[in-house]
Every structure is written in structure tokens, then in C-alpha cells.
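A closer look at the structure
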Amino acid sequence: LLVLHFFGERVSMRTLGSAAAPVLPLVLLLLLVGPSFGFAGLVAYALLSGITNGLLMIVRIVGLAEILGTRGYGQISGALMAIIMLPRTAAPLAMAAMWQAFGGYDTVLLIMIAAAAVGAAGFWVAAADRPMEG
């Protein structure tokens, strides 16, 4: 919210999302290496994770209308949330199964980092592919 407070309408959701989306894989990478930095690494992870996820939540809500327009916003938003919620619902079981299979969370985190990187690339494509609609 501080970012939006200081920049207001001078920053588009495309710009904010394009800046925040690639930070998520880096935040997950910090979770992988953060414990080697002790408490400070875990605090850095918690702060950056909260900031990044907060910004991306705002981008998901406001940016959807900016990128795709307001026509059919409710339908598109609902479909998008269904796509987002299904993996989140299955994630605990899937991660527990991967932890069991791989003997730890390092491989799980690497998979999450790769998925976040693909998501960031997908955001860039979606944001750049369409002209702004009103």
C-alpha cells in the first residue's frame, strides 16, 4: 500500500506487476538459502514474501481490469480465482508427497521457484500482449 500511496496513479498495474512478479522466485530462493543466514535470513524472507504477495494481490485485483478491460470482469475474475485456488488447495498434500519422495524440501522449493518464474514470464506476456482497455 505504501507503493501505491507514494506513486498513486503514476504507476500502472502492468508496471507494478512486471516489477513484483519476478521478485517472487527470488523470495522463494531466499527461503531456500535464508536459513544459512540464520534468523536475519528468515526475517528477510518473511518481509519480502509479505510485501511481494501483497503487491501481487493488488495487481491481481486491479490489474485484471487494467490489462483485460472491465467488460466481463466478474466472469474473468471468478475463473481466474478458481484457477488460483485449485492448486493452493492441493498444494499441502502435493508438497507432503514430494517431501516424502525427495526426502526433504529443497527439491520442492526448486519446483516452486521454477513455477514462480514461469508465472512471472506469463505475467509479462499477458501484460505486454494486449493494449490497455477502458
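What comes next is a walk through the structure.

How each quantity is defined
- Residues numbered from 1 in each chain as written.
- Predicted model: local features only at pLDDT ≥ 70, side-chain atom pairs only at ≥ 80, totals over all residues.
- Heavy atoms only, no water.
- Helix = DSSP H or I, 4+ residues; strand = E, 2+ residues; numbered from the N terminus.
- Buried < 20%, exposed > 50% of the residue type's maximum accessible area, 1.4 Å probe, protein only.
- Contact = heavy atoms within 4.5 Å.
- Areas by Shrake-Rupley, 256 points an atom, 1.4 Å probe, with all protein chains shown as cover.
- Arc of directions from axis to C-beta.
- Expected span 1.5 Å × (residues − 1).
- Bend = angle between axes of the 7 residues up to and from the residue.
- Phe/Tyr/Trp six-rings, centres within 6.5 Å; stacked < 30°, edge-to-face > 60°.
- Axes fitted to C-alpha atoms, helices over the stretch in contact; angles between N-to-C directions.
- Left-handed = near helix turned anticlockwise from the far one by under 90°.
- Nonpolar A, V, L, I, M, F, W, Y, C, P; charged D, E, K, R; others polar.

**Structural notes on the overall build of the chain**
Helix and strand counts for the chain stand at six helices and zero strands. Traced from its N-terminal end to its C-terminal end, the chain shows the element sequence α-α-α-α-α-α. In the chain, buried positions account for 26% of the 134 residues. Considering only contacts in the chain between residues 6 or more positions apart, those separated by 24 or more positions represent 68%. When the accessible surface of the chain is split by element, carbon and sulfur atoms take 74% of a total near 8,700 Å².

**Points about helix H2 (residues 13-20)**
Of the positions making up H2, those classed as buried are Met 13, Arg 14, Leu 16, Gly 17 and Ala 20. Taken end-on, H2 shows its buried residues confined to a sector of 165°, consistent with a single buried face.

**A look at the environment of Pro 25**
Residue placement: Pro 25 occurs in helix H3 (residues 23-33). We classify Pro 25 as buried; its relative accessible area is 11%. Residues Pro 25 and Ala 117 lie 92 residues apart in sequence; the distance between their C-alpha atoms is 5.7 Å. The residues contacting Pro 25, other than those within four sequence positions of it, are Ile 113, Ala 116 and Ala 117.

**Notes on helix H4 (residues 39-68)**
Given a rise of 1.5 Å per residue, 30 residues ought to cover 44 Å, and the 42 Å separating the end C-alpha atoms of H4 matches this to within 8%. Helix geometry: H4 is bent most strongly at Val 62, by close to 45°. Where H4 is concerned, the buried positions are Gly 41, Ser 49, Thr 52, Leu 55, Leu 56, Ile 58, Val 59, Gly 63, Leu 64, Ala 65, Glu 66 and Ile 67. Positive phi shows up at Gly 69, right after H4, with a value of about 90°.

**Concerning the packing of aromatic side chains**
This structure, assessed with the given rule, holds one aromatic pair. With a centroid separation of 6.1 Å and an interplanar angle of 25°, the aromatic rings of Trp 99 and Tyr 105 are classed as stacked. For Trp 99, a relative accessible area of 39% corresponds to the partly exposed category.

**Structural notes on the packing of H2 against H4**
Two elements in contact, H2 and H4, have axes separated by 9 Å at closest approach and are oriented at 145°. For the pair H2 and H4, the crossing hand works out as left-handed. Of the residues in H4, those touching H2 at Met 13, Arg 14, Leu 16, Gly 17 and Ala 20 are Thr 52, Leu 55, Leu 56, Ile 58, Val 59, Val 62, Gly 63, Glu 66 and Ile 67. Broken down by class, the residue content of the contact of H2 with H4 amounts to nine nonpolar, three polar and two charged.

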